[in-house]
Amino acid sequence: MTTSPHELDSADPLAAMRDRFVIDDDLVAYLDGNSLGRLPRATLDRLAAFVREEWGGRLIRGWSEGWVELPVTVGDELGAALLGAAAGQTVIADSTSVCIYKLLHAAAGLRPGRDEIVIDATNFPTDRYLVEAVAEARGMTVRWIEPDLVDNVTADVLAGALGDRTAVVLLSHVDYRSGTLLDLPGLTEAVHAAGALVIWDLCHSAGVVPIALDASGADFAVGCTYKYVNAGPGAPAYVYVAQRHLTHARQPIEGWWSAADLFGMSDTYEASPSIRRMLSGTPSVAGILAVQEGVRLIAEVGVEAIRAKSELMTGHAIELLDELGLELVTPGDAALRGSHVTVRHPDARAITAQLIERGVVPDFREPDLIRLGLSPLTTSYAELAAATRILGEVVAPIG
Ligand SMILES: *Cc1c(COP(=O)(O)O)cnc(C)c1O
């Protein structure tokens, strides 16, 4: 006996969180919260007040009235609520891509004499391109792992790539296509056993998967805030540097914001002893405030509750997609997946276009994948049911 979407929504302890977001569109189902999260109502008010009162009213005084501290204070809030990171190790900065570039250089610099950077061929394009760029700039070699898309980077696959030449390993916690969730603590341990350092890209996990960076002994982490953190298009990223590396890690875009004395205007550069050393230039205050609102919504219910709904909802989605006879490239075991579910179909591009025409927004990923992102704070079971019903109608005539 199947449970109706209405019953599932009634039984969902997070259902009321949907009202905390602006849902003011003409869509039947928005299944792209894993790519661009919805707008929190609190953010709408906060940014309007910031622009009018703080920027408009305080002008340059705003910097000394708190803006200067925001990258670190909001970094600490995000670290505590989403990353399992004690204060002083997380800062809001730049974009994920720029932060990956900084961390690759910082990590490689901590392993002189080792000349390989390890990354999987399934990783997100920007991660792969940056590894290639940094390897070239530093005279290093890229050691590619070629895992199966669904199984992704397992301990066995990783072991084959590690050795005494390995300096740095860059891994995505949740694969952006298959949704496969990697074993962050286990793989971190394996990288350390080889004497190397690991950078975790948390773009598709932070905010929906509980993460314990400190407890796992992770070295570095990075992620974006416009996906499950709901901070808006182009909102700044975050960087985590474990306390033990903080005073040694040197990043390549050392600017006045990473200096020990921001307004000292010193003749010579001295890196800040704190996590501020990962900054470069003037940050986007509006962007950081949006991150803070997104983090607070997650903190209010806790990542554990979000994860519980995500496991149920992705499981339910997999059942519905199975009933349509579609091929899934997402692990069936909830412990091995993040919060999106991906279908492989030769006509994926055309199907996605037809879904969008009918008010269902997933996303298409090359070459033949349709990704359904389930964002537990905003996605309802009614949306999921409508989306899969329409998907069934669209797929049937295509065959
Ligand atoms: C979304 C995403 C990015 C995005 O990088 P930007 O610099 O914000 O464009 C990077 N890596 C992964 C794994 C992602 O999912």
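Conventions used here
- Position numbers for residues start from 1 in each chain and track the written sequence from start to end.
- In view of the model being predicted, local features appear only for residues whose pLDDT reaches at least 70, and side-chain atom pairs are presented and counted only at 80 or more, with totals across whole chains, interfaces and linings using the full set of residues.
- No hydrogens and no water enter the side-chain calculation; it runs on all heavy atoms of the structure.
- Distances are taken per atom, and a residue is near a molecule or strand as soon as one of its heavy atoms is within 4 Å of it.
- Polar contacts, as used here, are pairs of N or O atoms within 3.5 Å; protein pairs need one atom able to donate a hydrogen and one able to accept it. Residues neighboring in sequence count only if both atoms are side-chain atoms.
- Methods summary: accessible areas were calculated by the Shrake-Rupley approach with a probe of 1.4 Å, and residue burial reflects only the protein chains presented.
- Put simply, DSSP marks the helices as runs of H or I at least four residues long and the strands as runs of E at least two long, and each gets a number from the N terminus on.
- Any residue that is not Ala, Val, Leu, Ile, Met, Phe, Trp, Tyr, Cys, Pro, Asp, Glu, Lys or Arg is counted as polar, Gly included; the first ten are nonpolar and the last four charged.
- The split of the chain into domains comes from an automatic or database domain assignment.
- By convention, the term buried area covers the 1.4 Å-probe accessible surface removed from two parts as they join, with the contributions of both added.
- Salt bridges, as used here, are contacts in which a Lys or Arg side-chain nitrogen is within 4 Å of a carboxyl oxygen on Asp or Glu.
- UniProt positions are given in the numbering used here, feature names are shortened, and annotations may be inferred rather than shown by experiment.
- Working rule for contacts: check all heavy atoms of both residues, and any pair within 4.5 Å makes them a contact.
- For helices, the axis comes from a line fit to the C-alpha atoms of the stretch in contact; other axes are also lines fit to C-alpha atoms, and the angle between any two N-to-C directions lies between 0 and 180 degrees.
- Roughly parallel refers to an angle under 35 degrees, roughly antiparallel to one over 145, roughly perpendicular to one between 65 and 115, and oblique to any angle outside these ranges.
- In a left-handed crossing the near helix is turned counterclockwise from the far helix by less than a right angle, and in a right-handed crossing that turn is clockwise.

What follows deals with the site of the ligand. Contacts to the ligand come from S95, T96, S97, F124, T126, D127, S172, D201, C203, H204, Y226 and K227. D201 is positioned such that a nitrogen or oxygen atom in its side chain is 3.0 Å from a nitrogen atom of the ligand. Taking 390 Å² as the accessible area of the ligand by itself, protein coverage stands at 86%. For the shell around the ligand, the secondary structure elements donating two or more residues are α5 (96-109) and α6 (125-138). When grouped by side-chain class, the residues that make up the shell around the ligand number 3 nonpolar, 6 polar and 3 charged.

So, about the domain arrangement of the protein. The domain boundaries assigned to the protein delineate domain 1 (5-30 + 302-395) and domain 2 (48-300). Relative to domain 2, the C-alpha centre of domain 1 lies at a distance of 28 Å. With both sides pooled, the region where domain 1 packs onto domain 2 buries about 2000 Å², and carbon together with sulfur makes up 60% of that total. The interface formed by domain 1 and domain 2 holds 1 salt bridge in total. Residue E300 is joined to R20 by a salt bridge in which the shortest nitrogen-to-oxygen separation is 2.8 Å. In this structure, the connection of domain 1 to domain 2 is made through 12 residue pairs in polar contact (both at pLDDT 80 or more). With 4 residues, the single largest contributor to the side of domain 1 that touches domain 2 is helix α12 (residues 303-323). Partitioning the side of domain 1 that touches domain 2 into residue classes produces 12 nonpolar, 7 polar and 8 charged.

Right, let's talk about the UniProt feature "modified residue: N6-(pyridoxal phosphate)lysine" (unreviewed entry) in the protein for a bit. The UniProt record marks K227 with the feature "modified residue: N6-(pyridoxal phosphate)lysine" (unreviewed entry), using the residue numbering of this structure. In this structure, K227 sits in the loop between β7 (220-223) and β8 (237-241). When sequence neighbours within four positions are dropped, the list of residues in contact with K227 reads G33, N34, S35, G37, C203 and H204.

In this section: the packing of α5 against α6. Two numbers describe a pair of packed helices, the interaxial angle and the distance between the axes. Two elements in contact, α5 and α6, have axes whose closest approach is 10 Å; the angle formed by their N-to-C orientations is 40 degrees. Put simply, α5 runs oblique to α6. Crossing handedness for the pair α5 and α6: right-handed. Two secondary-structure elements touch here, α5 through S97, I100, Y101, L104, H105, A108 and G109 and α6 through T126, D127, L130, V131, V134, A137 and R138.

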